[in-house]
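Close look at the chain arrangement
Here is what each chain is made of, one letter per residue.
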Amino acid sequence: MHEEKIKRLYDLKRASESGGGEEKIAAQHAKGKLTARERIDLLMDPMTFVEIDKYVTHRGESEGQKYHGDGVITGFGRIGGRLVFAYVYDFTILGGSLGEMAGRKVVKLMEQALKVGAPLIGIIDSGGARIQEGVLSLDGYGDIFYHNTLASGSIPQITASIGPCAGGAVYSPAMTDFVIMVENVGQMFVTGPEVVKEVLSQDVSFEELGGARTHASKSGVAHFIAKNEFECMDEIKKLLSYIPQNNTEEPPLVEGIDDPNRIEPNLINILPENPYQQYDMKKIISSIVDTGEFLEVHELFAENIIVGFGRMNGRSVGIVANQPSYLAGALDINSSNKAARFIRFCDAYNIPIVTLVDTPGYLPGADQEHNGIIRHGSKLLYAYCEATVPKITCIVGKAYGGAYIAMGSKNLRSDINYAWPTAEIAVLGPEAAITIIHRKDLKQSPDASATKKKLAKEFRNKFANPYIAAEKGIIDVVIDPMETRPFIIRALESLINKRETRPPKKHGNINL
Ligand code: HXC
């Protein structure tokens, strides 16, 4: 009697675990993709995954064959010993499309993750709303979007696109904190190439329209790209190692991996003597973080600003830095959006922000103005002002005009502001300043070019340095570059118990 009941359980379990059946699994493998269950095995610590709603099927009134699980596997497990919740679409069942019950499964999981305060990971390989279930599928997506919003700022949400993500399957990922796409496999689009062809008579391939490279470099939808599924799962694990379980906790501490007092005598040599020469700010970042490890976010998007995670004496920090080797490190629309979103993530999850500055200003031009640099550029100001986590800024080179203010200046309530002796803090760069304040002198000069050079040199000596700001207390300490790491760590440690409040309100109205 008992035996029969146990046998029934195992029969059902087998049926559910076979997804859409052998043929569909073979087709999935033939496309170079792993199955949903293989993905879970790669993601979770062994023997920790508990699947829930394994036997859910779509309801009788829906058409088509019934499959246990209904196209999405949901459950909880551990990654590096830490609790996480995951929903993984199973493309072998009706193309991983989302019907009513699949939608309910995902929402139930989201509610559970929220209740216990653990990160939520979505792995998407889905044809979007299940056509046969009509409005009930749309209903499911609507509920998922609602819960993405409830979870936002409360528990970290990470999405991997490992297959098609069509229609409704793109908006939910976009509402999560980080999107990872697998190259040549992940594709995200609201309307596919056929619709584009029909409506606009444009020929565009899947990859060109919504592939990993497109979203990582052009649209900014993807924060990371991975070469394959194995790399994708490693990336998720690495990302999780920098972030806390939820907004009430601190990120994991990884102590004893690097000397907090380590000095770098060669750091100054990364900065060229000629301020117009390019250099790679990532070299400075890797010299100051623990063991040189830096997890860059949005590496291929808006490369004029660098954002990502590192550790300083074992504590996670979010680093925001201008990149002088791309657009001279000027701020533009995309870089403002990129940095503002990153700062808001760090602020939501108790991750201090370290800002490294070398920027000539906001990028000028009709293109930027017409596309809304005022609206988008101000988001960066807003994000820094709003953030109450510890904020430490170090100006290494140029810090001109509005970009000086935007990049974690004292007035935006940065806690500790350092500058290297090479910092140039002024309203305008010397050449631009001279052409404005000495217009008449230059007009009357017999050798305008020589006069301009001489005046610019005088201006640089007089104004383009950190000491005027230091005299006014706008820069707290002018430091020897080789001591940047110990100075940042000491500042971070002084801010561990930082408390800063803002006026009570429902929410601010960031200029979206
Ligand atoms: C039901 C679907 C499906 C869907 C795919 N399938 N998408 N079933 N509803 N949305 C099924 C197919 O019929 C097929 O079933 C199986 O999944 C595999 O699909 P293929 O087309 O054979 O696979 P492939 O060639 O890899 O192409 C994958 C695909 C394509 C690019 C995702 O299937 C596709 O374009 N699907 C439709 C995408 C779409 O328009 N979705 C609706 C979006 S509207 P069999 O039985 O033959 O194996 C939407 C609204 C929400 O989501 C908006 C919220 C804001």
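The notes below deal with the structure included here. Note that this is a predicted model, so its numbers are computed, not measured. (Residues numbered from 1 in each chain as written. Predicted model: local features only at pLDDT ≥ 70, side-chain atom pairs only at ≥ 80, totals over all residues. Heavy atoms only, no water.)

A few points about the nonpolar core
- If you look at the biggest cluster of nonpolar residues, it comprises 61 residues, and the most contacted ones within it are I121, I236, I243, F309, V320 and I395.
- Contacts of I121, omitting those with residues within four sequence positions, involve L43, I79, V84, F85, A86, Y87, I158, I236 and L240.
- Grouped together as the second largest cluster of nonpolar side chains are 28 residues, V289, I306, V396 and I489 included. (Core = buried A, V, L, I, M, F, W, Y, C linked by side-chain atoms within 4.5 Å. Buried < 20%, exposed > 50% of the residue type's maximum accessible area, 1.4 Å probe, protein only. Contact = heavy atoms within 4.5 Å.)

Side note on the site of the ligand
- Residues in close proximity to the ligand total 19 residues, the closest being K24, K31, G127, A129 and G168.
- A distance of 2.6 Å separates a nitrogen atom of the ligand from a polar backbone atom of G127.
- The fraction of the free accessible surface of the ligand (1000 Å²) that becomes covered by protein chains is 55%.
- Of all the elements in the fold, those that place two or more residues in the shell around the ligand are α5 (135–151), β5 (157–166) and α6 (168–174). (Near = heavy atom within 4 Å. Polar contact = N/O pair within 3.5 Å; in protein donor to acceptor, adjacent residues only side chain to side chain. Areas by Shrake-Rupley, 256 points an atom, 1.4 Å probe, with all protein chains shown as cover. Helix = DSSP H or I, 4+ residues; strand = E, 2+ residues; numbered from the N terminus.)

A short note on the packing of aromatic side chains
- Applying the stated criterion across every chain, the model contains 14 aromatic pairs.
- Geometrically, the ring pair formed by F76 and F85 is tilted, given 5.7 Å between the ring centres and 40 degrees between the ring planes.
- Taking the relative accessible area as the measure of exposure, F76 reaches 29% and is therefore partly exposed.
- On the basis of relative accessible area, F85 is assigned to the buried category, the value being 3%.
- Arranged with centres 4.9 Å apart and planes meeting at 40 degrees, the rings of F345 and Y349 form a pair that is tilted. Like Y349, F345 is buried.
- In this arrangement the basic side chain of R311 is found over the ring face of Y242, its NZ or CZ atom lying 4.1 Å from the centre.
- Lying over the aromatic face of F487, R490 brings its terminal NZ or CZ to 5.6 Å of the ring centre. (Phe/Tyr/Trp six-rings, centres within 6.5 Å; stacked < 30°, edge-to-face > 60°. Lys NZ or Arg CZ within 6 Å of the ring centre and 35° of its normal.)

Examining the packing of helix α17 (residues 430–437) against helix α19 (residues 448–462)
- Look at α17 against α19: their axes get within 9 Å of each other, and the N-to-C directions meet at 115 degrees. One finds that α17 runs roughly perpendicular with respect to α19. You can see that α17 and α19 cross each other, and the crossing is right-handed. Only K452, L455, A456, F459 and R460 of α19 make contact with α17, whose side of the interface consists of P430, E431, A433, I434, T435 and I437.
- Class assignment for the residues of the contact of α17 with α19 results in seven nonpolar, one polar and three charged. (Axes fitted to C-alpha atoms, helices over the stretch in contact; angles between N-to-C directions. Parallel < 35°, antiparallel > 145°, perpendicular 65-115°, else oblique. Left-handed = near helix turned anticlockwise from the far one by under 90°. Nonpolar A, V, L, I, M, F, W, Y, C, P; charged D, E, K, R; others polar.)

Thoughts on the pairing of strand β10 (residues 305–312)
- Most of β10 is tucked away: eight of the eight residues are buried.
- Both faces of β10 are covered, namely the face carrying I305, V307, F309 and R311 and the face carrying I306, G308, G310 and M312.
- Relative to β10, strand β9 (residues 295–297) is paired through three bridges, and the arrangement is antiparallel. In the strand pairing of β10, V297 is matched with V307.
- The pairing of β10 with strand β11 (residues 315–322) spans eight bridges and is antiparallel. Bridge assignment links G310 to a residue of β11, and that residue is V317.
- Here β10 hands over to β11 after two residues, with N313 in that stretch at a positive phi of 50 degrees. (Pairing = 2+ DSSP bridges.)

Comments concerning the packing of helix α4 (residues 100–116) against α5
- Running from N to C, α4 and α5 point in directions that differ by 10 degrees, and their axes come no closer than 8 Å. When the interaxial angle is binned, α4 and α5 end up roughly parallel. Once α4 is placed against α5, the crossing between them reads as left-handed. Contacts between α4 and α5 involve E100, G103, V106, V107, M110, E111 and L114 from the former and L136, G140, D143, I144, H147, N148, L150 and A151 from the latter.
- Here the residues of the contact of α4 with α5 are counted per class, giving eight nonpolar, four polar and three charged.

Overview of the layout of surface pockets
- In this structure, the largest pocket spans a volume of roughly 1600 Å³.
- If you go around the largest pocket, you meet 45 residues; those closest to its centre are S152, R341, R344, I510 and L512.
- Taken together, the elements giving at least two residues each to the lining of the largest pocket come down to α5, α6, β6 (178–182), α13 (333–348) and α15 (373–386).
- Here the element with the most residues in the lining of the largest pocket is α13; it accounts for nine residues.
- For the lining of the largest pocket, a count of residues per class yields 21 nonpolar, 14 polar and 10 charged.
- Of the pockets and cavities examined, the second largest pocket occupies roughly 470 Å³.
- Along the wall of the second largest pocket there are 19 residues; nearest its centre are E250, N350, P390, L495 and I496.
- Of the residues contributing to the lining of the second largest pocket, the split by class is nine nonpolar, four polar and six charged. (1 Å grid on protein atoms, 1.4 Å probe; cavity = no way out; pocket = protein on both sides within 12 Å on 5 of 7 lines; lining within 4 Å. Points joined across faces, edges and corners; volume = space filled by probe spheres on them.)

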